[in-house]
Amino acid sequence: KLIIHSQALGGTDLEAEFEKAENSEGIMLLFHNASGDMNNEILVALASACFKRNISSLRCNFHYVNGVGSEKAEWKDVAYDAEAIYAKAKELDGGFLYVGGKSLGTLAALYLATLHSEIKAVGLFAVPIRMIEKYLDLEELSNIKMPVYVFHGDDDKVGTPDEVESYLDSHIGNKIQMKVIPA
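The structure displayed is predicted, hence computed values, not measured ones.

Asks: Please provide a residue-by-residue account of the packing of aromatic side chains, values included.
Replies: Going through the model one piece at a time under the given rule, you end up with five aromatic pairs. Judged by centre distance (5.8 Å) and plane angle (90°), the rings of Trp75 and Tyr111 are edge-to-face. Separated by 36 residues along the polypeptide, Trp75 in helix 2 (residues 75-92) and Tyr111 in helix 3 (residues 104-115) bring together distant segments of the chain. The class for Trp75 is buried, based on a relative accessible area of 14%. Tyr111 sits in the partly exposed class, given a relative accessible area of 22%. Taken together, the ring pairs in this structure connect Phe31, Phe62 and Tyr64 into an aromatic cluster. The ring of Phe96 has Lys120 lying over it, and the distance from NZ or CZ to the ring centre is 4.5 Å.

As structure tokens, this is what we get:
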């Protein structure tokens, strides 16, 4: 367990879970969905899979978990959290950096990918197109140069796999690798 300081809400301490892999080849940052937390079953499973492949993982709660609640959270504060988690990851592990997220967490992952070209790859789960349009600078998405792996359910309520793939391809380009998850 770790505590990471964020500038969200003028200063917030975030709960985090760091799993250091022996002979680590890098670190995967995993961001949760709006109504979830760092113990989301998908994120825990991804952390375990990373560990088996000698990749450390860092899961962290956004500032609103056990606090103001996601309905009152503002994007700028989620972005502050993402930056603080990224900075901590660089302190913890000198290897490659990977980012991944589920739903709202995909926004945090994409946001960091637009800013930090050294990120090796991005993994997105349940991509909420409308949230991306509302909160991210769409022109900045073209700055993403690393591979983007998208895992999206064939009956996901935030958009069909074809809609998500087309949308991301139009803003990020041909770096998208799509995997449809059957219901």
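Asks: Break down the sheet that holds strand 3 (residues 26-31) for me, citing the residues and quoting the values.
Replies: In spatial order, the strands read 1-2-4-3-5-6-7-8; together these eight strands make up an open sheet with mixed pairing. At either margin of the open sheet sits one strand with a lone partner, and together these are strand 1 (2-6) and strand 8 (176-181). Between one strand axis and the next, the sheet turns through 20° on average, direction left out of account. Summarising the sheet, strand 1 and strand 2 (residues 12-19) pair through five bridges and their orientation is antiparallel. Bridged to His5 within strand 2 is Asp13.

Asks: For the state of the cysteines, give the residues involved together with the corresponding values.
Replies: Under the defined criterion, the tally for this structure stands at zero disulfides. Cysteine Cys60 shares no disulfide, and the gap to the nearest cysteine sulfur, in Cys50, comes to 16 Å. A relative accessible area of 1% means that Cys60 is categorised as buried.

Asks: Requested: an account of the packing of helix 2 against helix 3, with residues and values cited.
Replies: Interhelical geometry of helix 2 versus helix 3 gives an angle of 60° and a closest axis separation of 10 Å. Pair helix 2 / helix 3 crosses with right-handed handedness. Each of Trp75, Ala79, Ala82, Glu83 and Tyr86 in helix 2 lies in contact with helix 3, whose residues at this interface are Leu104, Leu107, Ala108, Tyr111, Leu112 and Leu115.

Asks: How would you explain the pairing of strand 3 if you had to name every residue and give the values?
Replies: Taken across its six residues, strand 3 has six buried, putting it largely inside the fold. Here strand 3 shows a buried face lined by Gly26, Met28 and Leu30 and a second buried face lined by Ile27, Leu29 and Phe31. Relative to strand 5 (residues 96-102), strand 3 runs parallel, the two being bridged by six bridges. Bridging across to strand 5, Gly26 finds its partner in Phe96. Of the pairings in the sheet, the one linking strand 3 to strand 4 (residues 56-60) comprises four bridges and is parallel in character. Each bridged residue has a counterpart across the sheet, and for Leu30 the counterpart in strand 4 is Arg59. In this region the chain leaves strand 3, passes through helix 1 (residues 41-52) and returns to the parallel neighbour strand 4; the handedness of that crossover is right-handed.

Asks: Before we move on, could you go through helix 2 and cite the residues and values that matter?
Replies: For helix 2, spanning 18 residues, the distance from its first C-alpha to its last is 26 Å, which sits close to the expected 26 Å at 1.5 Å a residue. Buried within helix 2 are the following residues: Trp75, Asp77, Val78, Ala79, Asp81, Ala82, Ala84, Ile85, Tyr86, Lys88 and Ala89.

Asks: Got a sec to walk through unusual backbone geometry? Specific residues and values, please.
Replies: Although it is not a glycine, Leu9 adopts a positive phi angle of roughly 55°. With respect to the secondary-structure elements, Leu9 resides in the loop between strand 1 and strand 2. Backbone geometry at Asn23 places phi at a positive 55°, although glycine is not the residue there.

Asks: Explain the environment of Ile181 residue by residue, including any values.
Replies: Turning to its location among the elements, Ile181 is positioned in strand 8. Classification of Ile181 by relative accessible area gives partly exposed; the value is 36%. Considering only alpha carbons, one finds Ile181 and Leu138, 43 residues apart in sequence, at a separation of 26 Å. In contact with Ile181, other than residues within four places in its own chain, are Phe151, His152, Gly153 and Asp154.

What counts and what doesn't
Residues numbered from 1 in each chain as written. Predicted model: local features only at pLDDT ≥ 70, side-chain atom pairs only at ≥ 80, totals over all residues. Heavy atoms only, no water. Phe/Tyr/Trp six-rings, centres within 6.5 Å; stacked < 30°, edge-to-face > 60°. Helix = DSSP H or I, 4+ residues; strand = E, 2+ residues; numbered from the N terminus. Buried < 20%, exposed > 50% of the residue type's maximum accessible area, 1.4 Å probe, protein only. Lys NZ or Arg CZ within 6 Å of the ring centre and 35° of its normal. Pairing = 2+ DSSP bridges. Axes fitted to C-alpha atoms, helices over the stretch in contact; angles between N-to-C directions. Disulfide = S-S within 2.5 Å. Left-handed = near helix turned anticlockwise from the far one by under 90°. Contact = heavy atoms within 4.5 Å. Right-handed = clockwise from strand over helix to strand, strands pointing away. Expected span 1.5 Å × (residues − 1).

Keep in mind these numbers describe shape, not what the thing actually does.
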